[in-house]
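Survey of secondary and tertiary structure
Listed here are the chains, written in short residue letters.
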Amino acid sequence: MAILEIRIVPDPILKIKAHKIKKIDDSIKTLALDMFETLQDAHGVGLAANQVGVLKRVIVISNAPESDIVAYINPEITNRKGKRSVSEGCLSFPGYSGIVTRSISVSARYIDEAGGKIKITASDLLSQALEHEIDHLNGILFIDYLSKLKKDMIIKKLVKQKKGIERVIV
Ligand code: ZN
């Protein structure tokens, strides 16, 4: 297993739609394992493959309070119920969060690592994480739901931080 580099905004890969996986082979299983390790290392709730630079439809979610991490291959939301305002952050936006509207519960289908077709209904944090991570696979970021002003401010600050880090390395 390996810890992968998490891409930070404005990395363009975060805005590209990931491709559907046709065959679950060893490369997909290795990707899922590496994403588990990366998520644990970053103490995050969820991670999408775009965030580690891979345009494949895989997400991993740590299902708090249990420590198990589940890999969802080709996940799709099939139904959404209700609306609620939630505070949300993202590993690709270190240090930032915003209030977004999410569903109260969602139904989703996905393929597990053994190739099984799974259907679930989720609420609370799992529902929010499924919406957030599946958005990633479609090139949508949580800041896309914020006001243009707040979105521009966050991106500007992250670009500035990134430049600062590069100067130190050079
Ligand atoms: Zn995210």
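Residues numbered from 1 in each chain as written. Predicted model: local features only at pLDDT ≥ 70, side-chain atom pairs only at ≥ 80, totals over all residues. Heavy atoms only, no water.

**What to know about the overall build of the protein**
Here is the rule we go by: Going along the chain from the N terminus, every DSSP run of H or I of four or more residues is numbered as a helix, and every run of E of two or more is numbered as a strand. Computation of the radius of gyration draws on C-alpha atoms, with the globule rule given as 2.2 Å multiplied by the number of residues to the power 0.38. Each residue's exposure class comes from its accessible area (1.4 Å probe, protein chains only) as a fraction of the maximum for that residue type: buried when under 20%, exposed when over 50%, partly exposed otherwise. Method for areas: the Shrake-Rupley scheme with a 1.4 Å probe, in which residue coverage is limited to the protein chains shown. Under the counting rule used here, the positive set is Lys and Arg, the negative set is Asp and Glu, and His together with the chain ends is not counted. The location of each charge is read from NZ of Lys, CZ of Arg, CG of Asp or CD of Glu.
Of the regular secondary structure elements, the protein holds three helices and seven strands. Ordered by position in the sequence, the α and β elements of the protein form the string α-β-β-β-β-β-β-β-α-α. Computed over its C-alpha atoms, the radius of gyration of the protein comes to 16 Å, within 12% of the 15 Å expected for a compact globule of 170 residues. Across its three principal axes, the protein shows a C-alpha extent of roughly 45 × 40 × 30 Å. Looking at the protein as a whole, 42% of its 170 residues are labelled buried. Total accessible area on the protein is roughly 9,400 Å²; 55% of this is exposed by carbon and sulfur atoms. Averaging the coordinates of the 26 positive side-chain charges in the protein and doing the same for the 20 negative ones gives two points 9 Å apart.

**Some thoughts on the coordination of the zinc ion**
For a metal with four tetrahedral donors the ideal donor-metal-donor angle is 109.5 degrees, whereas six octahedral donors ideally subtend 90 or 180 degrees. Put simply, the rule reads: A 2.8 Å cut-off from the metal defines N, O and S donors, relaxed to 3.2 Å for Na, K and Ca; water is not in the atom list, so some sites may appear incomplete.
The zinc ion binds to the protein through Cys90 (SG), His132 (NE2) and His136 (NE2), with metal-donor distances spanning 2.1 to 2.2 Å. Mapped onto the sequence, the residues coordinating the zinc ion show the spacing C-x41-H-x3-H. In this pair, Cys90 sits in the loop between strand 4 (84-89) and strand 5 (97-102) while His136 sits in helix 2 (residues 124-137), placing the two residues 46 residues apart along the sequence. The class of Cys90 is buried, set by a relative accessible area of 11%. Note on His136: relative accessible area 1%, which makes it buried.

**Things to note about helix 1 (residues 26-42)**
Threshold: How far a helix is expected to stretch is found by multiplying one less than its residue total by 1.5 Å. Residues count as neighbours in contact if any of their non-hydrogen atoms are within 4.5 Å of one another.
With 17 residues, helix 1 extends 24 Å from end C-alpha to end C-alpha; this agrees with the ideal 24 Å at 1.5 Å per step. Within helix 1 the residues assigned to the buried category are Ile28, Leu31, Ala32, Asp34, Met35, Phe36, Thr38 and Leu39. The inward-facing, buried residues of helix 1 abut strand 1 (46-48), strand 2 (58-62) and strand 3 (69-81). Where helix 1 terminates, the next one or two residues include His43, which has phi positive at roughly 55°.

**As for the pattern of salt bridges**
In plain terms, the rule: Just to be clear on terms, a salt bridge is a Lys or Arg side-chain nitrogen sitting within 4 Å of an Asp or Glu carboxyl oxygen.
This model, assessed by the stated rule, comprises eight salt bridges. When the shortest N-O distance is used, the salt bridge between Asp152 and Lys148 registers 2.8 Å. Of this pair, Asp152 and Lys148 are both found in helix 3 (residues 148-169), four residues apart, which corresponds to roughly one turn of the helix. Residue Asp152 is classed as partly exposed on the basis of its relative accessible area, which comes to 36%. Several salt bridges share partner residues, and in doing so they unite Lys15, Asp144 and Lys151 into one network.

**Observations regarding the nonpolar core**
What counts, and what does not: Nonpolar cores are built from buried Ala, Val, Leu, Ile, Met, Phe, Trp, Tyr and Cys residues. Side-chain atoms within 4.5 Å join them into one set.
Among the nonpolar cores identified, the biggest contains 16 residues, and Leu31, Met35, Leu47, Val58 and Val60 are the most heavily contacted of them. Broken down by secondary-structure element, the contributors of at least two residues to this core are helix 1, strand 2 and strand 3. In terms of residue count, helix 1 provides more of this core than any other element does, six residues in total. Ignoring sequence-local partners within four residues, the contact set of Leu47 consists of Ile6, Met35, Thr38, Leu39, Val52, Val58, Ile59, Val60, Leu91 and Glu133.

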